[in-house]
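Spelled out from the first residue to the last, the chains are:
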Amino acid sequence: AGAFGCAALAVLTVQSTAGLLRARAVPARELSAQVREVMRAQRVASVKVGALGGRANVRAVAALLSKYPAVPVVVDTPMAPTRGKGRLLAASALAAVRDELVPRATLLTANVDEVFALLGRRVRTVDDARDAALALCDLGARAALVKGGHLSGARAIDVLAADGEVVELAARRLAIPPTHGTGCALASLVAGRLAVRARPSVDRDELVAAIRWAKRVHHAALARAVDVGQGLRVLVF
């Protein structure tokens, strides 16, 4: 996307392409110190929130983001890995995600399992995804993208609700083996694209354009996914 990524580690993991064995949340004070230092020293133009581990980290990140209301925030909080037995977000943290973190999101991205965890509703069709995207916005997110990769059909259809309008974003479904980090990569591409814009505020058209661009790059990377060892494939950009 042309942006330089500054990382703040929230979860320490034991994992490989074979799966996630276990995960441990970094203490909230250490995570907060990392974020504060990056925000102090770097010209941060967007934020992507990933795995946070537990409730203390969710609340800490939400509090930090409240101090930077002009910075676009893409929230993608994976809860369980594609493969493995560890958890990336404790069940006890879900309420804090809904009540404190989601309202800070310029864009919230969620797959069908994450929608169920946040809303308690199943997404089986595109119409379900439309309803779910609007419901996620009702939690306070400015925009919500419900990803259709886990649905069926010749096309993978993601549904975006933004500023009260709903847009369907379709791509040819790829027949590929399970691949590592696909949701994280998509959210990061969107955040990177938002970071390289010329002005700080994000209007709806710019957000949709950033997501469309990210989906094109992401789809091409999926088509090039490679086997680097046991288990899941990895994306190639």
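**Brief notes about the nonpolar core**
Point 1. Grouped together as the largest cluster of nonpolar side chains are 39 residues, with contacts concentrated most on Val-49, Leu-52, Val-58, Leu-101, Leu-108 and Leu-136.
Point 2. When residues in this core are grouped by element, the largest group, five residues, is from helix α5 (residues 126-138).
Point 3. Apart from the residues lying within four places of it in its own chain, the contact partners of Leu-52 are Ala-10, Val-11, Ala-25, Leu-31, Asn-57, Val-58, Val-61, Leu-88 and Leu-101.
Point 4. Counting 21 residues, the second-largest nonpolar core is a separate cluster that includes Val-167, Leu-169, Ala-191 and Ala-210.

**A short note on the side chain of Ser-46**
Point 1. Within the secondary structure, Ser-46 is located in the loop between α1 (28-41) and β3 (47-49).
Point 2. According to the relative accessible area criterion, Ser-46 is buried, its value standing at 16%.
Point 3. At 2.7 Å, the side chain of Ser-46 and the backbone oxygen of Ala-191 are in polar contact.
Point 4. Leave out the neighbours within four places in its chain, and Ser-46 touches Val-71, Pro-72, Ala-191, Gly-192, Leu-194 and Ala-195.

**Brief notes about the sheet that holds strand β4 (residues 73-75)**
Point 1. The six strands are arranged β3-β4-β5-β6-β7-β8 in an open sheet whose pairing can be described as mixed. In this open sheet, the two edge strands, each paired with only one partner strand, are β3 and β8 (165-172). When the angles between neighbouring strand axes are averaged without regard to direction, this sheet yields 15°.
Point 2. Note: β3 against β4, three bridges, orientation parallel. Following the sheet pairing, Lys-48 is matched in β4 by Val-74.
Point 3. Helix α6 (residues 182-195) contacts β3, β4, β5 (107-110) and β6 (143-146) of the sheet and is inclined by roughly 165° relative to β3.

**Some thoughts on the packing of helix α4 (residues 112-119) against α5**
Point 1. Packing of α4 against α5 brings their axes to within 11 Å, and their N-to-C directions diverge by 50°. One way to sum up the angle between α4 and α5 is to call them oblique. Crossing of α4 over α5 shows left-handed handedness. Residues Val-115, Leu-118 and Leu-119 of α4 lie in contact with α5, whose contacting residues are Ala-132, Ala-135 and Leu-136.
Point 2. By residue class, the composition of the contact of α4 with α5 is six nonpolar, no polar and no charged.

The rules behind each value
- Residues numbered from 1 in each chain as written.
- Predicted model: local features only at pLDDT ≥ 70, side-chain atom pairs only at ≥ 80, totals over all residues.
- Heavy atoms only, no water.
- Core = buried A, V, L, I, M, F, W, Y, C linked by side-chain atoms within 4.5 Å.
- Buried < 20%, exposed > 50% of the residue type's maximum accessible area, 1.4 Å probe, protein only.
- Helix = DSSP H or I, 4+ residues; strand = E, 2+ residues; numbered from the N terminus.
- Contact = heavy atoms within 4.5 Å.
- Polar contact = N/O pair within 3.5 Å; in protein donor to acceptor, adjacent residues only side chain to side chain.
- Pairing = 2+ DSSP bridges.
- Axes fitted to C-alpha atoms, helices over the stretch in contact; angles between N-to-C directions.
- Parallel < 35°, antiparallel > 145°, perpendicular 65-115°, else oblique.
- Left-handed = near helix turned anticlockwise from the far one by under 90°.
- Nonpolar A, V, L, I, M, F, W, Y, C, P; charged D, E, K, R; others polar.

So, to be careful, I would describe these as geometric facts and stop short of saying anything about function.
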